[in-house]
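Chain and residue survey
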Amino acid sequence: QVIAQQFAENPDVVAVVGHVDSHVSIPNSLVYEYYGVLMITPYSTSPRLTRKGLRYIFRAIPDDEVAGLELADFCKRQGYRRVVVCHINNEYGVGLANAFEKECERDGISVLDRVSYDSFSGAREFNKALSSLKDNFEFDAIFIAGVVPQAAVLIQEARKLGVNVPIVGSDGLDTESLIAVAGPAAENTFVGSTFHPADPRPEAQAFVKAFQARYGKFPDTGAAQGYDCLRVLAHAMERAGTTAPDRVAEALRGTTNWPGVTGAFGLDGDGNHTGAGVTIKQVRNGRLELFGR
């Protein structure tokens, strides 16, 4: 919050793109709101961020409730009818697991059991929990609401135990580090995301080509989300005809069907993302490949 305070007290700063983690964004959002500085986050997914009635706070990606709902619907489309849930025991993991389970109930999918773990859990704890699930239930898939590297270790342990069902993961698994840590064990893992460089839409391909020309590699999801945040902010400033935060905030809330590289989206009255949903990636042959929306 010290850095947020410094940003907010700088008269030359009218907007901030960030932050990464919800537990950082939520308290810092109160600082920005108090000083009248715009904040638009490309990463923080906790629904609480945009439920405080704040005027200057925005999120440019689906929140955890949307992600949980869409990942449950994906499981339904794949024909998974009996699943187990493993989640990290923090706001992100619990909120995402709750949203996923709630939608599973509506979709007719049985959540047989839930296992939580903390930030200190490792291979031994995962092996014990997964052994219990394997011995007591017959399930079609595992849903993981967590982040790498822990989630990758959990996947490794599942495969070591001979649990070869598909694994469905949240955006916390949307990184090449998943494959670097889990190796071949990551195969048949499906990951919720907002972007893949193989997306054929013109906006996505123009961004991919420009990024490759500049950096010599494909952009990842973080790059795409950050780019969309900056561009939609600039778009709102152009519409408002000013950089004054109050006017730009009004313009952002009037954004609908804006063509971002992560998909067409808008921002509602609470500053929350609407429109483009979750993109599914599949780990296949050691790569995160585009599976679809």
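Above this text sits the structure in question.
Residues numbered from 1 in each chain as written. Predicted model: local features only at pLDDT ≥ 70, side-chain atom pairs only at ≥ 80, totals over all residues. Heavy atoms only, no water.

Considerations on the sheet that holds strand β3 (residues 57-59)
Pairing is parallel across the open sheet formed by three strands, whose spatial order is β1-β2-β3. Two strands lie at the open edges of the sheet, namely β1 (15-17) and β3, each paired on one side alone. Taking each pair of neighbouring strands and ignoring which way they run, the sheet shows an average axis angle of 15°. Bridge analysis of strand β2 (residues 38-41) against β3 gives three bridges, and the strand direction is parallel. Bridging from a neighbouring strand, Thr 41 pairs with Arg 59 of β3. On the sheet, helix α2 (residues 22-35) packs against β1, β2 and β3 and is oriented at approximately 155° with respect to β2. (Pairing = 2+ DSSP bridges. Helix = DSSP H or I, 4+ residues; strand = E, 2+ residues; numbered from the N terminus. Axes fitted to C-alpha atoms, helices over the stretch in contact; angles between N-to-C directions. Contact = heavy atoms within 4.5 Å.)

A few points about the pairing of strand β6 (residues 141-145)
Of all five residues in β6, five are buried; the element is thus mostly enclosed. Here β6 shows a buried face lined by Ala 141, Phe 143 and Ala 145 and a second buried face lined by Ile 142 and Ile 144. In terms of strand pairing, strand β4 (residues 82-88) meets β6 through five bridges, oriented parallel. Bridging across to β6, Val 84 finds its partner in Ile 142. (Buried < 20%, exposed > 50% of the residue type's maximum accessible area, 1.4 Å probe, protein only.)

Quick word on the packing of helix α9 (residues 221-240) against helix α10 (residues 245-253)
Between α9 and α10, the least distance of the axes is 8 Å, while the angle of their chain directions is 110°. It follows from the interaxial angle that α9 and α10 lie roughly perpendicular. In the packing of α9 onto α10, the handedness of the crossing is right-handed. Here Val 232, Leu 233, Ala 236, Met 237, Arg 239 and Ala 240 of α9 come into contact with α10, specifically with Arg 247, Val 248, Ala 251 and Leu 252. In the contact of α9 with α10, the residues fall into eight nonpolar, no polar and two charged. (Parallel < 35°, antiparallel > 145°, perpendicular 65-115°, else oblique. Left-handed = near helix turned anticlockwise from the far one by under 90°. Nonpolar A, V, L, I, M, F, W, Y, C, P; charged D, E, K, R; others polar.)

Some thoughts on the pairing of strand β12 (residues 279-284)
In terms of burial, β12 is a largely internal element, five of the six residues being buried. Relative to β12, strand β8 (residues 189-193) runs antiparallel, the two being bridged by four bridges. Residue pairing across strands places Ser 193 opposite Thr 279, the latter belonging to β12.

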